[in-house]
Amino acid sequence: SQDKNFGEKVGLILEKSYKNFVNFFGDSVTVPVQVYVAESKEKFQELVGKELPQWSLAVALPKRKTIIIKSPSWHKSGKSLTEVLQHELAHLFLINYLDEQYLPLWLNEGFAVWQSEKWGWDDRILLARAVLTGSLLSLAKIDSLNHFSESKAHLGYAQSFLGVNYINSEYG
C-alpha cells in the first residue's frame, strides 16, 4: 500500500537524520522516537487534537517522544519528506536536550528550520517584502504561530530561522 511504502521511506530518513542529531547534540542525548503516519484528517486530529492549523504537515510531541505526520494519501505538501521529518526530529532533540524547559516558540521553530531546511530565494523575497511593507513580526508575536494563516506562518518561520542563524553566526 501507499502508506506502507511511505512508512518505509520515513524509517530510512529518520535513521540517517537521527544519527546526525546525535552527532550534533552528543552521544549523551538520545531520544527514542515513535512515528505515526495519520491515514486521515480524523486520525490526525484524534492523535494531536484540533488545535493545529490546517497547513501543518506534522507535529512533534516531545513529552511522548513522538512524531505524527499526515499521510500523503490525503495531504499534499510542497516540502520534502526529509525536511519535514528533520524539522520534527529537531524539536524532539532540542526539547530533550533542554530537559523540557520552556523555550520561546520562535527559538524552537527557528532551530528546527535551521536544522532541516534550505534558505532559498523565496525566503529572501518574503522577508524583503515584509521589510518594505513594514509587516515583520515581533518575536513575541511568533509565539502565536499556530494561529496564523499559512503565509503569515511562513514569514514567522523565516524570521525565526534568521534569529537562530544570527545567534549561531555570532556565538557559535
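To be clear, the structure that these remarks concern was listed above.
In what follows, the accompanying structure is described. Here the structure is a predicted model, which is why all the values come from computation and not from measurement. Numbering of residues starts from 1 in each chain and follows the order in which that chain's sequence is written. Residues qualify for local features only when their pLDDT is at least 70, as the model is predicted, and side-chain atom pairs are given and counted only at 80 or more; totals for whole chains, interfaces and linings, by contrast, use all residues. For side-chain calculations, the full set of non-hydrogen atoms in the structure is used, while hydrogens and water are omitted.

### Details of the nonpolar core
- Residues grouped as a nonpolar core are buried Ala, Val, Leu, Ile, Met, Phe, Trp, Tyr and Cys residues, joined through side-chain atoms within 4.5 Å. Each residue gets one of three labels from its accessible area relative to the maximum for its type: buried under 20%, exposed over 50%, partly exposed in between, using a 1.4 Å probe on protein chains only. In terms of nonpolar packing, the biggest core is built from 24 residues, with Phe25, Ile69, Leu81, Leu85, Leu89 and Phe93 touching the most fellow members.
- Numbering of helices and strands runs from the N terminus; a helix is a DSSP stretch of H or I covering at least four residues, while a strand is a stretch of E covering at least two. For this core, the elements supplying multiple residues, two or more each, are helix H1 (2-25), strand S2 (58-61), strand S3 (66-70), helix H3 (81-97) and helix H4 (105-116).
- It is H3 that contributes the most residues to this core, eight residues altogether.

### A few points about the pairing of S3
- By the criterion of burial, S3 is predominantly enclosed, with five of the five residues buried.
- Residues Thr66, Ile68 and Lys70 line one face of S3 and the alternating positions Ile67 and Ile69 line the opposite face, and both faces are buried.
- Note that strand S1 (residues 34-38) and S3 share five bridges and pair parallel. Following the sheet pairing, tyrosine 36 is matched in S3 by isoleucine 68.
- Two strands qualify as a pair provided DSSP detects at least 2 bridges between them. Looking at chain direction, S2 and S3 are connected through four bridges and run antiparallel. Residue pairing across strands places alanine 58 opposite isoleucine 69, the latter belonging to S3.

### Points about helix H6 (residues 150-171)
- Each residue after the first adds 1.5 Å to the expected span of a helix. Compared with an ideal rise of 1.5 Å per residue, which puts 22 residues at 32 Å, H6 spans 31 Å between its outermost C-alpha atoms and is within 8% of the ideal.
- Listing the buried residues of H6 in full gives Ala153, Leu155, Gly156, Tyr157, Ala158, Gln159, Ser160, Phe161, Gly163 and Val164.
- Throughout, a residue-residue contact means that at least one pair of heavy atoms, one from each residue, lies within 4.5 Å. Of the surrounding secondary structure, the elements contacted by the buried residues of H6 are H3, H4 and helix H5 (121-133).
- Immediately downstream of H6, the backbone of glycine 172 shows phi near 75 degrees, a positive value.

### Some words on helix H2 (residues 41-48)
- Looking at H2, one finds that the buried residues are Phe44, Leu47 and Val48. Buried residues of H2, seen end-on, are gathered within an arc of 80 degrees and therefore sit on one face of the element. Of the exposed residues in H2, the ones pointing more than 90 degrees away from its buried face are Glu42 and Glu46.
- Its buried side turned inward, H2 meets S1, S2 and S3.
- In the segment just after H2, glycine 49 is the residue with positive phi, at about 95 degrees. Here the arc refers to the set of directions running from the helix axis out to each C-beta atom.

### Here we look at the pattern of salt bridges
- We count a salt bridge whenever a side-chain nitrogen from Lys or Arg sits within 4 Å of a carboxyl oxygen from Asp or Glu. Evaluated as defined, the whole model comprises two salt bridges.
- Between glutamate 46 and lysine 43 there is a salt bridge, with the nearest N and O atoms lying 3.2 Å from each other. Of the two residues, glutamate 46 and lysine 43 are both situated in helix H2; the distance of three residues between them amounts to about one turn of the helix.
- For glutamate 46, a relative accessible area of 59% translates into the label exposed.
- Lysine 43 sits in the partly exposed class, given a relative accessible area of 26%.

### Structural notes on the packing of H3 against H4
- For helices, the axis comes from a line fit to the C-alpha atoms of the stretch in contact; other axes are also lines fit to C-alpha atoms, and the angle between any two N-to-C directions lies between 0 and 180 degrees. Interaxial distance between H3 and H4 falls to 8 Å at its minimum, and their mutual angle equals 130 degrees. As judged from the angle between their axes, H3 and H4 are oblique. The two elements H3 and H4 meet at a crossing, and its hand is right-handed. Residues Glu83, Gln86, His87, Ala90, His91, Leu94 and Ile95 of H3 lie in contact with H4, whose contacting residues are Asn108, Glu109, Phe111, Ala112, Val113, Gln115 and Ser116. To sort the angles, those under 35 degrees are grouped as roughly parallel, those over 145 as roughly antiparallel, those from 65 to 115 as roughly perpendicular, and the leftovers as oblique. Crossing handedness is read from the near helix: turned anticlockwise from the far helix by less than a right angle, it gives a left-handed crossing, and turned clockwise, a right-handed one.

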